[in-house]
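Take a look at the letters that make up each chain.
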Amino acid sequence: MAKDEFDKIIIGIDPGTNVMGYGLLGVKGGKPSLIAMGVLQLSKMEDHYMRLRRIYERVLSLVEEFLPDEMAIEAPFYGKNVQSMLKLGRAQGVAMAAALGRQVPIAEYEPRKIKMAITGNGAASKEQVAMMLQRQLNIDPATMPDLLDATDALAAALCHYYESKKPFPSAGAKSWKDFIKKHPERLAQRQTGEADN
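What comes next is a walk through the structure. (Residues numbered from 1 in each chain as written. Predicted model: local features only at pLDDT ≥ 70, side-chain atom pairs only at ≥ 80, totals over all residues. Heavy atoms only, no water.)

1. Thoughts on the overall build of the protein
How we decide: Each helix is a run of DSSP H or I of at least 4 residues and each strand a run of E of at least 2, with the numbering of both proceeding from the N terminus. Three labels apply to residues, based on accessible area from a 1.4 Å probe with only protein chains included: buried if under 20% of the type maximum, exposed if over 50%, partly exposed otherwise in between. Contact between two residues is taken to exist if any of their heavy atoms lie within 4.5 Å; hydrogens are not considered. Surface accessibility in these figures is a Shrake-Rupley result with a 1.4 Å probe; residues are shielded only by whichever protein chains are displayed.
Broken down by element type, the protein carries seven helices and five strands. Reading the helices (α) and strands (β) of the protein from amino to carboxyl end gives β-β-β-α-β-α-β-α-α-α-α-α. Classification of the 197 residues of the protein by burial places 42% in the buried group. Counted over contacts in the protein with a minimum sequence separation of 6, partners at least 24 positions apart contribute 59%. When the accessible area of the protein is evaluated, it comes to approximately 11,100 Å², of which 54% is carbon and sulfur surface.

Here's what the structure looks like:
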């Protein structure tokens, strides 16, 4: 896979300390397509810190292999178990550090937002997300992974693609007024264009 085959490459990460999912999306001519997806199995490693090191190494190797332009990562789900939240936050942090170390910008999305972007239902199941991804990206059913952490990661990447097409993505401006405030040059371009007509 050559970097110049695509206008943009987005890596999606579904962080976890037992299983980490990843998915890579290529965009060419405004059309997204699957490059690769998979999982990193960590459950056999007993030392939590060694798991974090392995997550960092794997994300870094993916970044160096595919040279993504952006990363989309699923935000931790806030549950009742504080220890689980702490471990998940650490997993997310080391994945982000690997990308930031190579100057890859990061966008973070809540699970409900990702599900809404892919299926239109913020409470959709992992299976429904996987099925919609298969349809939207024309993925061969035979290549669909057994572990849904991979499709969750790919869903984060596709959610980011959809968000980046909006006039003000959720990670940036919150309204037209905020967008104009953050991008006054866009308003000047628009006014100049109208004056030329």
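2. Here's the deal with the sheet that holds strand S4 (residues 70-74)
Heads up, the rule is: When DSSP locates at least two bridges between a pair of strands, those strands are taken to pair. In this analysis, axes come from line fits to C-alpha atoms, helices being fitted only over the stretch in contact, and the angle between any two N-to-C directions falls in the range 0 to 180 degrees.
Within the open sheet, the five strands sit side by side as S3-S2-S1-S4-S5. Their pairing is mixed. Only two strands of the sheet have a single partner each, and these edge strands are strand S3 (31-41) and strand S5 (106-109). Across the sheet, the mean angle from the axis of one strand to that of its neighbour is 20 degrees, orientation sign disregarded. Summarising the sheet, strand S2 (residues 19-28) and S3 pair through 10 bridges and their orientation is antiparallel. Counterpart to Leu 25 in the pairing with S3 is Leu 34. Sheet strands in contact with helix H2 (residues 82-100) are strand S1 (8-14), S4 and S5, and its direction is about 175 degrees off that of S4.

3. What about unusual backbone geometry?
Within the chain, Gln 103 stands out as a residue other than glycine whose phi angle is a positive 60 degrees. Among the secondary structure elements, Gln 103 is positioned in the loop between H2 and S5. Its identity as a non-glycine residue notwithstanding, Asn 138 has a phi of 50 degrees, on the positive side.

4. Regarding the side chain of Gln 92
Formally: Pairing of N or O atoms within 3.5 Å defines a polar contact, subject to two protein rules: one partner must be a possible hydrogen donor and the other a possible acceptor, and residues neighboring in sequence count only if both atoms are side-chain atoms.
Within the element layout of this structure, Gln 92 appears in helix H2. In terms of polar contacts, Gln 92 uses its side chain to reach the side chain of Glu 108, at 3.1 Å.

5. Digging into the pattern of salt bridges
Put simply, the test is: By convention in these notes, a salt bridge is any Lys or Arg side-chain nitrogen within 4 Å of a carboxyl oxygen on Asp or Glu.
Counted by the stated rule, this structure contains five salt bridges. Ionic pairing is found between Glu 70 and Lys 8, a salt bridge with its closest N-O pair at 3.4 Å. With Glu 70 in strand S4 and Lys 8 in strand S1, this pair connects stretches of sequence that are 62 residues apart. Among the salt bridges present, the one from Lys 126 reaches Asp 152, with a minimum N-O distance of 2.2 Å. Of this pair, Lys 126 sits in helix H4 (residues 126-136) while Asp 152 sits in helix H5 (residues 149-164), and the two are 26 residues apart along the sequence. A residue is classified by how much of its surface remains accessible, and Asp 152, at 7% relative accessible area, is buried.

6. Some details on the packing of helix H3 (residues 111-119) against H5
Rules: Each angle is binned into one of four classes, with values under 35 degrees roughly parallel, values over 145 roughly antiparallel, values of 65 to 115 roughly perpendicular, and all other values oblique. Any residue outside Ala, Val, Leu, Ile, Met, Phe, Trp, Tyr, Cys, Pro, Asp, Glu, Lys and Arg is labelled polar, Gly included; the first ten of those are nonpolar and the last four are charged.
Contact geometry for H3 and H5: axes closest at 9 Å, N-to-C directions at 75 degrees. Between H3 and H5, the angle falls in the class roughly perpendicular. Taking contact as the criterion, the partners of Lys 113, Ile 114, Ala 117 and Ile 118 in H3 are, on H5, Ala 155, Ala 156, Leu 158, Cys 159, Tyr 162 and Glu 163. When grouped by side-chain class, the residues that make up the contact of H3 with H5 number eight nonpolar, no polar and two charged.

7. Remarks on the pairing of S5
The alternating pattern of S5 places Ala 107 and Tyr 109 on a buried face, while none of Ile 106 and Glu 108, on the opposite face, is buried. In terms of strand pairing, S4 meets S5 through four bridges, oriented parallel. In the strand pairing of S5, Ala 72 is matched with Ala 107.

From the geometry alone we can't say anything about function, so treat these as descriptive.
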